[in-house]
Amino acid sequence: MITTGQRRISTIVISTALGPDGRGIFPYTLWPGYRRLLRTVRETGTTVLTKSATRRPRRGNFVAANPLTWKYIRRLPQRGMLNAYGLTNAGVKKVAPRIGAAGREGFQVIPNLWPEFTRGAEIAVREALEAAALYHQHLGENFWALELNFSCPNVPEDIACNVNDGLACVRALSAAHPDLFLIAKLSVVHPYEFAQELERLEVGALHAVNTIPYELVFPPDRYPRSPLADVGGGGVSGGPAFAQAYEYNKGLRPLVRLPLIMGCGVTSQDDGQRYLDLGADAVSICTLALRDPEKAASIVACYCKS
């Protein structure tokens with residue numbers, strides 16, 4: 001568990017899998033097991049990290065209303081998933097009021113923002129500040145934390161090279177909102193030095209890691225090319241990604257004193273416990289909530305008491 005003042009982040013957090021406002025993703029909300037997970041999350045006060053939003057509406061690869069784009073989300077063995085979602089979202093102006101409503105319904109939601117560095121660092125920083133103002137307007141005192149996604153593998157951005165832009169974004173948000181608890185979401189391709197710089201800037205916590213680029217999990221010299229190669233290959237999550245995510249976190253933990261939310265690849269309570277034993281302050285569950293929501297609910301119920 002992570003505590004800051006009167007606020008807390010639960011030992012298990014649900015990341016991304018409950019949608020842009022933390023109240024669930026259609027059509028998963030039609031499944032009894034997924035609805036049970038939603039109830040368990042709300043009743044236990046489990047922290048929800050939303051699916052990424054951008055300042056303005058964005059159309060990525062996947063569009064729920066267009067069946068031709070459903071191919072960009074695929075199941076893998078070991079409760080895994082391959083996706084090239086591409087950050088399709090309605091934009092913060094529409095998402096923020098929904099997160100506010102989720103809070104009034106009893107969900108403990110922290111919004112996730114993807115700064116669009118592909119549009120230029122100056123624009124991305126300005127829009128991050130605008131987004132924070134919108135969240136503050138609609139969430140009020142419940143806007144105490146913000147997760148910054150520096151790690152999406154499904155956009156035309158070199159993640160390993162967005163370090164300076166990410167640091168500039170953190171500096172600007174910290175100056176404008178000194179009491180805001182910032183969480184930086186990292187990728188396995190980020191150098192550990194990025195995490196150390198973020199610590200020097202006094203971010204609240206790190207979240208490692210996001211989905212892992214396909215070619216890192218399935219090297220091209222040993223595996224067929226990604227079925228989503230035409231859109232960059234996609235990101236792998238769930239069981240196939242656990243080993244690499246675990247090794248990244250194993251190397252990161254001794255290098256920073258910041259609270260760490262460790263995740264990616266958790267498909268069982270044992271996986272979550274391995275992260276905790278490694279030194280995680282909290283563990284994130286994502287793909288399991290979609291592939292086996294009953295199992296995810298049981299893990300939440302075990303670690304997160306109301």
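Residues numbered from 1 in each chain as written. Predicted model: local features only at pLDDT ≥ 70, side-chain atom pairs only at ≥ 80, totals over all residues. Heavy atoms only, no water.

What follows deals with the overall build of the chain. Along its length, the chain carries ten helices and 15 strands. Relative to its length of 306 residues, the chain is compact, with a C-alpha radius of gyration of 18 Å against a globular reference of 19 Å. Judged by the C-alpha coordinates and their principal axes, the chain covers about 45 × 45 × 40 Å. Residue burial in the chain is summarised as follows: out of 306 residues, 58% are buried. Here the analysis covers contacts within the chain between residues at least 6 apart in sequence; of these, 73% occur between residues at least 24 apart. Here the chain displays about 13000 Å² of accessible surface, and carbon together with sulfur accounts for 51% of that area. The averaged location of the 27 negative side-chain charges in the chain is 8 Å from the averaged location of its 34 positive side-chain charges. (Helix = DSSP H or I, 4+ residues; strand = E, 2+ residues; numbered from the N terminus. Rg over C-alpha atoms; globule rule 2.2 N^0.38 Å. Buried < 20%, exposed > 50% of the residue type's maximum accessible area, 1.4 Å probe, protein only. Contact = heavy atoms within 4.5 Å. Areas by Shrake-Rupley, 256 points an atom, 1.4 Å probe, with all protein chains shown as cover. Lys, Arg positive; Asp, Glu negative; His and termini not counted. Charge placed at Lys NZ, Arg CZ, Asp CG, Glu CD.)

With respect to topology, four strands assemble into an open sheet ordered β5-β6-β13-β12, the strand pairing being antiparallel. What marks the edges here is a single partner per strand, and that holds for β5 (73-76) and β12 (212-213). (Pairing = 2+ DSSP bridges.)

Here helix α4 (residues 163-176) contains 14 residues, and its C-alpha end-to-end distance of 20 Å stays within 8% of the 20 Å for a straight helix at 1.5 Å per residue. For α4, the full list of buried residues reads Val163, Gly166, Leu167, Cys169, Val170 and Leu173. The arc that holds the buried residues of α4, viewed along the axis, is 160°, so those residues lie on one side. Of the exposed residues in α4, the ones pointing more than 90 degrees away from its buried face are Asn164 and Ala175. (Expected span 1.5 Å × (residues − 1). Arc of directions from axis to C-beta.)

The subject of this paragraph is the packing of aromatic side chains. One pass over the full model with this rule turns up 13 aromatic pairs. Taking the centre distance of 5.7 Å and the plane angle of 35° together, the rings of Tyr28 and Tyr34 count as tilted. The burial state of Tyr28 is the same as that of Tyr34; both residues are buried. Here the aromatic rings of Phe117 and Phe150 are separated by 6.2 Å at their centres, their planes lie at 20°, and the arrangement is stacked. (Phe/Tyr/Trp six-rings, centres within 6.5 Å; stacked < 30°, edge-to-face > 60°.)

A separate point is helix α10 (residues 293-303). Listed as buried for α10 are Pro293, Ala296, Ala297, Ile299 and Val300. One face of α10 carries all of its buried residues, which in axial projection span an arc of 160°. Summarising the contacts, the buried residues of α10 are in contact with β3 (12-15), α1 (32-44), α8 (269-278), β15 (282-285) and α9 (287-291).

Moving on, we come to the environment of Pro111. Inspection of the secondary structure assignment puts Pro111 in the loop between β7 (108-110) and β8 (112-113). In the structure, Pro111 is positioned 92 residues away from Val203 in sequence and 16 Å away in space, judged by C-alpha atoms. Residues within four places of Pro111 in sequence aside, it is in contact with Thr50, Ile99, Tyr135, Leu139, Phe143, Ala145, Leu146 and Glu147.

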